[in-house]
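Residue-level structural notes
Here are the chains, one letter per residue:
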Amino acid sequence: MEITELPAYQRLEEMFEQKGYSLGIEDNMPIYSWDDVHRIPANLTPGHYVYARSYGKIKFRDIPEEYRTRGFFLHSLSGAYEDVVEYVKAHPEEFDKQFFKDHIATDYYGLKFELNDFEYMPLEFIDEEMVACAMFTSISMRYVDRRGECEEWFYSVYRRKPEVLTQELYTLGARCFATKRGGRNRFLDITPEKFRTPEFYFALCLKNDSPVMEDIPESVLTTEFLMALLDDSIENIQCFSEAALEREVPMAGRENVKFWKFAVIRNGYQSKGIPLNDERVEFFLSMYGKDSTEYEYGFKDRYKSYLREKNSMPKPKNDATELAGMMTLAGALSGMGMDSAIDLGTEAMNAATNRQTMLPIHYNQRVPLEYSKKYDREEYLAEIYKKLGIQVLQEADYYYYNVILPENISVVQDDYGYCVKDSSGETLIHYYDRGPFYDRSVVVDEINVTL
């Protein structure tokens, strides 16, 4: 369900129209790049100063009064620039309620930081109309910023004038802002009990990838409530609590099944939102083969992580990539151009890769049909290594295994990558290692032996 389809949104919109409220007007003043502030362009405008201020080329105090226009402030006022905020606070006669409405419409960064518009605008401006404008802007920006990235204004209103926050605003805030991270749901913490209705909790769960259901009263979590969430979108399984996942529900053509099974049967890709255990792994693999797209794109990576954790295998470190990053930074700090600094880092990364003791983890071709149910692509490649007598020791990093090559096998470079050859010079495996360190691709693209 889209946010605009929620009853709370429709009620807020109806109230806004019935009371004759209006949204702010977005300012479309052109912004011109101005990197060298010592070279004054012939057609200097406030838009040049907006750019220069935004990119730290000039201080606010250095901007002449004639360029501190309403348009300048609509594009420059932000909690990221305290000097501009302090000016606005010190000159309230220049910034009326309409200015703040227009600022919310022009630049959603006015809602984003702890030092947001609602933190310092005159208290009398914070009313039903203004907070509705902020909520509509927050909702319209949901595809630009992730959930929770445009929420600070709500907390400022809660601190300064909580009486203007209504059931509709809390319900929409639950949909837009509420996540549970590090054991805390900040938005839920400030929501008064009277607004924690089933409608509120339903909105809280929609497309929420954090465990918010852990804090919902059991009296709300009826089978009907949980089914309504999955009927809305099977993706909502990702916020289910462990107790809810294990609850059983009738399913057509089957006996009662647990909710996590219901989700996997409906859509195998949604396994990515379900914590794994042996039972869940076994069930998924019984439903979707290792040659399925559900396994490849919804399950495999988490399955590998689960096996690593279950077997107490440490997560590999990308030491070569970290070295490349440090070398790039050192090059940039020494005055080297960015392209040259990146090349320096990439060279360091390649030098740190020992081709005689490291081989790729990933294979980008299809597994032969007769093995496709038994092995995924990485498992098949590992079996090929085993057949060739190559001993895989451990994962060196995300891209490579540490290996021991038998005496009759070596790795040599060719025009397209690297060849794993036997003593007669025949290419057994071909792979490539391409790209700069921040966008590296290491895969086996050819296997010339079979199991």
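Here is a short report on the structure shown in this document.

How each quantity is defined
- Residues numbered from 1 in each chain as written.
- Predicted model: local features only at pLDDT ≥ 70, side-chain atom pairs only at ≥ 80, totals over all residues.
- Heavy atoms only, no water.
- Axes fitted to C-alpha atoms, helices over the stretch in contact; angles between N-to-C directions.
- Helix = DSSP H or I, 4+ residues; strand = E, 2+ residues; numbered from the N terminus.
- Parallel < 35°, antiparallel > 145°, perpendicular 65-115°, else oblique.
- Left-handed = near helix turned anticlockwise from the far one by under 90°.
- Contact = heavy atoms within 4.5 Å.
- Nonpolar A, V, L, I, M, F, W, Y, C, P; charged D, E, K, R; others polar.
- Core = buried A, V, L, I, M, F, W, Y, C linked by side-chain atoms within 4.5 Å.
- Buried < 20%, exposed > 50% of the residue type's maximum accessible area, 1.4 Å probe, protein only.
- Pairing = 2+ DSSP bridges.

Description of the packing of helix 1 (residues 7-18) against helix 9 (residues 167-176)
- At a closest axis distance of 9 Å, the pairing of helix 1 and helix 9 adopts a crossing angle of 135 degrees. Taken together, the axis directions place helix 1 and helix 9 in an arrangement best described as oblique. Helix-helix and strand crossings are classified by hand; for helix 1 and helix 9 the assignment is left-handed. Taken together, the residues of helix 9 that come into contact with helix 1 (itself represented by Ala8, Tyr9, Arg11 and Leu12) are Gln167, Glu168, Leu169, Thr171 and Leu172.
- A breakdown of the residues in the contact of helix 1 with helix 9 according to their chemical character gives five nonpolar, two polar and two charged.

Details of the nonpolar core
- Formed by 107 residues in total, the largest nonpolar core has its most connected members in Phe100, Phe118, Trp153, Phe154, Met213 and Phe240.
- Sorting elements by how many residues they give to this core places helix 7 (residues 128-140) first, with eight residues.
- Not counting residues up to four positions away in its chain, the partners in contact with phenylalanine 118 are Ile104, Leu111, Ile126, Met130, Val131, Ala134, Trp153, Ser156, Val157 and Arg160.
- Membership of the second largest hydrophobic core comes to 29 residues, among which are Ile384, Leu405, Tyr418 and Val420.

Some details on the sheet that holds strand 3 (residues 358-360)
- If you trace the three strands from one edge of the open sheet to the other, you get 3-5-4, paired in antiparallel fashion. A single partner strand is all that each edge strand has here, and the edge strands are strand 3 and strand 4 (391-395). Strand after strand, the sheet turns through a mean of 40 degrees between neighbouring axes, direction not considered.
- Sheet analysis places strand 3 next to strand 5 (residues 400-404), joined by three bridges and oriented antiparallel.

As for unusual backbone geometry
- Positive phi, normally seen in glycine, also occurs at lysine 207, with a value near 50 degrees.
- The residue lysine 207 is located in the loop between helix 11 (198-205) and helix 12 (223-232) in this model.
- For lysine 207, a relative accessible area of 33% corresponds to the partly exposed category.

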